[in-house]
Amino acid sequence: MLRSLGQRPVTGSDEDPRVAELRTAVARLRRELAAHPAEFPDRGIAEDELAALAAMAAGGAPETPRLRRSLLLIAGSIGSVSALAPRLAEVRSAVDLFGEPPRESRR
């Protein structure tokens, strides 16, 4: 089986499966974005934030608020590119594995 550069097998490792899922989803979206022929104004933002997500995943347990911030920036910058929507949804699902941020009670 071929693996993308920088991906390690998860079986038998101590790695958090959520981190592995995030790394895989980010790698897939990065590949599709790199192969997408159209240029759009915020492409650089998406590429930078995907690189940040990849670095967070490589570093272990990422901070949920930072993951969500990156996800919002990526979604905002490539959200109108429908060809990337399935891979963006995978990244969102991977980020969601880290749980919801705590909500402030409003009374």
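These figures come from a predicted structure and were not determined experimentally.

Peer 1: Would you mind showing me how to read the overall build of the protein here?
Peer 2: Helices and strands together make up the secondary structure of the protein, namely four helices and zero strands. Ordered by position from N to C terminus, the α and β elements of the protein give α-α-α-α. Counted over contacts in the protein with a minimum sequence separation of 6, partners at least 24 positions apart contribute 64%. Surface exposure of the protein reaches about 7000 Å², of which carbon and sulfur atoms provide 53%.

Peer 1: Can you walk me through the pattern of salt bridges in this structure?
Peer 2: Opposite charge on two side chains permits them to pair, given that their charged atoms come into close proximity. For the structure shown, the criterion picks out ten salt bridges. Where E15 meets R23, a salt bridge forms, and the shortest distance between an N and an O atom there is 2.0 Å. For the pair shown, E15 and R23 are each scored as buried. One salt bridge connects R28 with E90, and the closest N-O pair in it is separated by 3.7 Å.

Peer 1: What exactly am I supposed to notice about helix α4 (residues 85-96) here?
Peer 2: A turn of α-helix holds 3.6 residues, and therefore any two residues three or four places apart point the same way. With twelve residues, α4 ought to run about 16 Å at 1.5 Å a step, and its terminal C-alpha atoms sit 16 Å apart, in line with that. Looking only at α4, the buried set comprises L88, V91, A94 and V95. For α4, the buried positions fall inside an angular range of 115° around the axis, keeping them on one side. On its buried face, α4 sits against α1 (17-35), α2 (43-58) and α3 (64-78).

Peer 1: Would you mind showing me how to read α1 here?
Peer 2: Given a rise of 1.5 Å per residue, 19 residues ought to cover 27 Å, and the 27 Å separating the end C-alpha atoms of α1 matches this to within 8%. By the burial criterion, the buried members of α1 are V19, A20, L22, R23, A25, V26, A27, L29 and L33. As for α1, its buried residues are in contact with α2, α3 and α4.

Peer 1: Explain the nonpolar core here, please?
Peer 2: The nonpolar side chains of soluble globular proteins are, as a tendency, buried together. Judged by nonpolar contacts, the single largest core of 24 residues is most densely connected at L22, L29, I78 and V91. Counting residues per element, the ones that place at least two in this core are α1, α2, α3 and α4. Leave out the neighbours within four places in its chain, and I78 touches L29, L33, F40, A46, L84 and L88.

Peer 1: Explanation requested: the packing of α1 against α4 in the structure shown.
Peer 2: Between two packed helices, the angle of one axis relative to the other and the distance separating the axes together describe the packing. Two numbers describe how α1 lies on α4: the axes approach to 8 Å, and their chain directions differ by 160°. Between α1 and α4, the angle is such that the two are roughly antiparallel. For the pair α1 and α4, the crossing hand works out as left-handed. Residue-level contacts link E21, L22, A25, V26, R28, L29 and E32 of α1 to R87, L88, E90, V91, A94 and V95 of α4. In terms of residue class, the contact of α1 with α4 is made up of eight nonpolar, no polar and five charged.

Rules used in this analysis
Each chain carries its own residue numbering, running from 1 in the written order of its sequence. It should be noted that, the model being predicted, local features are given only for residues of pLDDT at least 70 and side-chain atom pairs only at 80 or more, the latter also being counted only at that level, while totals for whole chains, interfaces and linings use all residues. The side-chain values count all of the structure's non-hydrogen atoms but skip hydrogen atoms and water molecules. A run of H or I in DSSP counts as a helix once it spans at least four residues, and a run of E counts as a strand once it spans at least two, with each numbered from the N terminus. In what follows, a contact means two residues having at least one pair of non-hydrogen atoms within 4.5 Å. Note on areas: Shrake-Rupley, 1.4 Å probe, and residue coverage restricted to the protein chains presented here. Any Lys or Arg side-chain nitrogen found within 4 Å of a carboxyl oxygen on Asp or Glu counts as a salt bridge. Partly exposed describes any residue whose relative accessible area lies between the buried limit of under 20% and the exposed limit of over 50%, with all areas from a 1.4 Å probe on protein chains only and scaled to the type maximum. The span expected for a helix works out to 1.5 Å for each residue beyond the first. Taking the helix axis as origin, the arc is that swept by the directions to the C-beta atoms. Residues enter a nonpolar core if they are buried and are Ala, Val, Leu, Ile, Met, Phe, Trp, Tyr or Cys, with the set joined through side-chain atoms within 4.5 Å. Lines fitted to the C-alpha atoms define the axes, with helices restricted to the stretch that makes contact. Angles between their N-to-C directions range from 0 to 180 degrees. Any angle from 65 to 115 degrees is called roughly perpendicular, while one under 35 is roughly parallel, one over 145 is roughly antiparallel, and all others are oblique. In a left-handed crossing the near helix is turned counterclockwise from the far helix by less than a right angle, and in a right-handed crossing that turn is clockwise. All residues other than Ala, Val, Leu, Ile, Met, Phe, Trp, Tyr, Cys, Pro, Asp, Glu, Lys and Arg, Gly among them, are scored as polar; the first ten of these are nonpolar and the last four charged.

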